Structure formats: C-alpha cells, structure tokens
Amino acid sequence: MHESQRRSLLRVLFVLFCVLPTAATLLYGYAGRSKSTREAWQVRLGAASGMRVELDGIGYPRPGSALLEGLRCYDPETGALVLHCRSVETISDSEGLSLRAAGAEIFADRGARLFAALERHLRREIPDIETRIGIKADELTWHVGKESQTLVDFEGLLGPEENVQQLLVSFRLPGSDEAHPAALRVTRDTTSSPPETVVELSSGAVLLPCAMIVPLVDMADSLGKQARWNGRLKVRRTARGWEGMTSSDATEVDFRQLVGRHAVEQLWGTGEIRFHWAEFAAGRIARLRGTIVAGPGQISRDLLRAGIVHLGLGDVKTMVAEGPPLLFDRLEFDFSIDSEGLTIKSRSAEQHDALLWRDDIVYWQVPQSGPQPVANLLRALAPEREALVPLAAPTNALLGLLPLPNSGLRKPTETAEKPTLGQPRLRLRQPAADDVQLR
C-alpha cells in the first residue's frame, strides 16, 4: 500500500475511533446538562413527589446511570425547602431503580408533601408503581424546627412485595450498635376490605430522640426535647381508628412539659415512663400497664391536693396549706388503665405504700380503694371549677384517648303488677270572644 494511502487510512480510523466517540460523548454530556433535559427531569420528579423540584445539573458517569446534582424539593404551596441532596446517583436495572444520595437533608416538620407522596405510592396512585425503588445514604440529616439529628447507614426500599405495597427503612444513630439498627416497616394491606395501613417500628439498640418523631407522632412533643424512646410498636390504621400494641420505654422525660400539657397545675422533674404492655383499639387505649419514675423535683400544692381529693392518694383531713411548690425525692409507682378503671400500686422498697415522698414525709400513698374511674384522673388534672365535668382545654386530648368504662345493661325492676298510666281527661270548649286566635 502506498504511503499516502496508509496515511489516509490512519486518518479515517482516527476519526472513526477517536474523534467521533469523543464528540458523541461531549454532545451526550452537553445534552444531559442542557436546560431542556434538566427541566424534563424536574417535571418527572415533581409529578412523582408532589413537590416543586429544582436541579443544578445532570451528569451521566456511566451507561444506565445518571447523576443528579443539587437536588432540591420545595412545598409548592409555601415554597419551603423539604428535601435537599448534594447529589443523587440513579441506576436502573432489571431489579428496579437504585438511588445513592450524598449530603441528604430532610426538613421533616415541613415534610407533609413528602409523607403524602409516600402514602400515594403505598396506595398505588402514581405511575410505575411496580418499580422497586431502593435508596442508600451514608449520612442523612433529619431536621425538626431548629433541632437536627444525623442518621447513619440509612437504607430504604419502596415497592411491591407479594400482595402488599411496603416501605422498609433501617438506620442507626452515630455510635450505636451496627448489628441492631432501628427498623421501620409500613405496608398497605390490600387483602382487607377496605385496605388498611400497618406500621411496625423497632428501635433495636438505638435510643430514638422523641423530638425527631414529632412530625409523625404529635404526642411525642409532650415528652420534652431530651426524651428518648426505645421499644417495639405495631399499629394498624382501620376505619374505626388506630389499633395495635406497644412495649416500650421513654427516658429523660420532662414531666413539667408532660403534665403541663394536660393540667393547669405543675410538676417539675425528669424521669422515665415504662409501657410494659399497651393495647389500642378504635383510637383509644384498651389496656395499659406501666411504671412512672421521676425525681428529685417539685410539685405544686394544687396538684398535690388534687391527687388527694380526686384520686384518693391521701387523707383529705391532712391537706397541705397554701404556699410555694414542695420538693420531693421520688415519684414512683405502677399503674394500669383499662375498661375497669385506673389502678395505682406502690413499688417502693424504701417507703411502704408510698408514691411520692421526701425523706420520711409521704405526700402521696396508695389509694385504699381498688380500680377507680379514669374520670378521676381527668378531675385531678382539670381546673378546680371543672371538677364535676372535666371537659377543659388541658384534658381535652386525654378525653379521646382514655378507655371508655364498661356499660352494663340496667336490670329491669321486678314488681307484682305492671304499673299503668292513667288516661288524661281532656274536655274541649269553644273559644271565648277574648281568646287570642292564631291566623
């Protein structure tokens, strides 16, 4: 072959195998980063999440993969930032869609749209519902108001499993046992009629800050900012309300905030609440066995008197006088609540039958009677003027949560003869001239 021909052939091969692939790659990358491609991704992600989505850029590091840079999701109504990821790499394969997030942040107190999108997915209301979506993040920051919590080894899986749609999540807190992470499973059971949502939560070896679950469980806010939860929970959302069970502990509980949310009087101190066993039905407590331990602290004299008068925790003849709050060393007792009423028992080895004491002075002791109506608890927490009918702002939340008492049918009265009602004797007369007539 002539020298000029060899040069021409090399030039052609160079163009085919070097220049053209390089140009195609550059054009492909430019097209991926173009405004139209970015807007198409934003629309697609917005339709799936129900939020306004913005992207800084898109890259394609390898075939079948896309790198979303600067992903931000906003509430379309308020414009508040809900989700931010420094980058998200997506990989599509035969098993579904895999996402790996870096620099992920969720502003959970603004996340109503995010949680609604998850619920829509569980209800099979969005496109590509049969696609399994997996997500991983080495670190994820969970924001609630001004507080934040870092989660590590975060993994999630969303998609179909047999006859249910489910969401699986596992994570740890920094420094916790790697072998026992916290786990959450939310399923939409379509075998029941109507379909029901089942939530299962296990904290594993993790002490979950109660503040981080406030956007999901409003009641957790009453336990205080430092409170932590550990245990297992399984509840089912039915047409009549939530039902299920839990066995768990809440530690570092702020009793001033807890009692202050449901009572006018105050109790100061930190401690723990142990739920040995709790069952819920139709959105109410069906059965609850627990323990309360707190102290040292202070108690207002009004709350001290209310416990003696309405719960029988002392002798009303030895009432405390007016004055500042009283110091106490320990508040400790077991309790049970069910349809039979409220039962309180002492668990102190130092003070026999004592519930609340300081040194040798016992402020509260075990009531002499057995189970008492749960309404007595509401009367103790309600303002004094509402003692008969404890319908007041502080006790309003408890009214819909405490169990209803058993209501047996009233037995009929036995009598020798059935009483009869006499027939009324009526006599009509013609109207007089001065009677008022209706027209």
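Refer to the preceding data block for the structure.
I tried to follow the nonpolar core on my own but got confused; where do I start?
Nonpolar side chains in soluble globular proteins tend to end up buried together. Counting 84 residues, the largest nonpolar core has Phe255, Leu267, Ile299, Leu331, Leu356 and Trp364 as the members making the most contacts within it. Of all the elements, helix H5 (residues 301–311) adds the most residues to this core, at 5 residues. Discounting chain neighbours no more than four positions away, the residues touching Leu356 are Ile299, Leu304, Phe328, Arg330, Leu331, Ile361, Val362, Tyr363 and Trp364.

Got a minute to help me understand a negative patch on the surface in this structure?
There is a patch of like negative charges on the surface, built from Asp329, Glu350, Asp359 and Asp360. Position of Asp360 relative to the elements: it lies in the loop between strand S22 (354–358) and strand S23 (361–365). For Asp360, a relative accessible area of 72% corresponds to the exposed category.

How should I be thinking about the packing of aromatic side chains in this particular structure?
Aromatic rings considered in pairs are described by the distance between their centres and by the relative angle of their planes. A full pass over the atoms with the stated rule returns 1 aromatic pair. Centre to centre, the rings of Phe333 and Phe335 are 6.3 Å apart; their planes meet at 65 degrees, and the pair counts as edge-to-face. Since its relative accessible area comes to 13%, Phe333 is described here as buried. Across the ring face of Trp41, the terminal group of Arg44 is positioned such that the distance to the ring centre comes to 5.4 Å.

When you look at the pairing of S23 in this model, what are you seeing that I'm missing?
Both S22 and S23 contribute to a ladder of 4 bridges, which runs antiparallel. In the sheet register, Arg358 faces S23, and the bridge partner there is Ile361. What sits between S22 and S23 in their antiparallel hairpin is a turn of 2 residues, with Asp359 showing a positive phi close to 55 degrees.

Please clarify how the environment of Asp329 should be interpreted in this entry.
Within the element layout of this structure, Asp329 appears in the loop between strand S19 (326–328) and strand S20 (330–338). Considering only alpha carbons, one finds Asp329 and Gln298, 31 residues apart in sequence, at a separation of 8.7 Å. Once residues lying within four places of it in the same chain are set aside, the contact partners of Asp329 are Ala294, Gly295, Pro296, Trp357, Arg358 and Asp359. For Asp329, the side chain forms a polar contact with the main-chain nitrogen of Asp359, separated by 2.7 Å.

Conventions and cut-offs
- Residues numbered from 1 in each chain as written.
- Predicted model: local features only at pLDDT ≥ 70, side-chain atom pairs only at ≥ 80, totals over all residues.
- Heavy atoms only, no water.
- Core = buried A, V, L, I, M, F, W, Y, C linked by side-chain atoms within 4.5 Å.
- Buried < 20%, exposed > 50% of the residue type's maximum accessible area, 1.4 Å probe, protein only.
- Helix = DSSP H or I, 4+ residues; strand = E, 2+ residues; numbered from the N terminus.
- Contact = heavy atoms within 4.5 Å.
- Patch = residues over 30% accessible without salt bridge, like charges linked within 9 Å, V, L, I, M, F, W, Y side chains within 5 Å.
- Areas by Shrake-Rupley, 256 points an atom, 1.4 Å probe, with all protein chains shown as cover.
- Salt bridge = Lys/Arg side-chain N within 4 Å of Asp/Glu carboxyl O.
- Lys, Arg positive; Asp, Glu negative; His and termini not counted.
- Charge placed at Lys NZ, Arg CZ, Asp CG, Glu CD.
- Phe/Tyr/Trp six-rings, centres within 6.5 Å; stacked < 30°, edge-to-face > 60°.
- Lys NZ or Arg CZ within 6 Å of the ring centre and 35° of its normal.
- Pairing = 2+ DSSP bridges.
- Polar contact = N/O pair within 3.5 Å; in protein donor to acceptor, adjacent residues only side chain to side chain.

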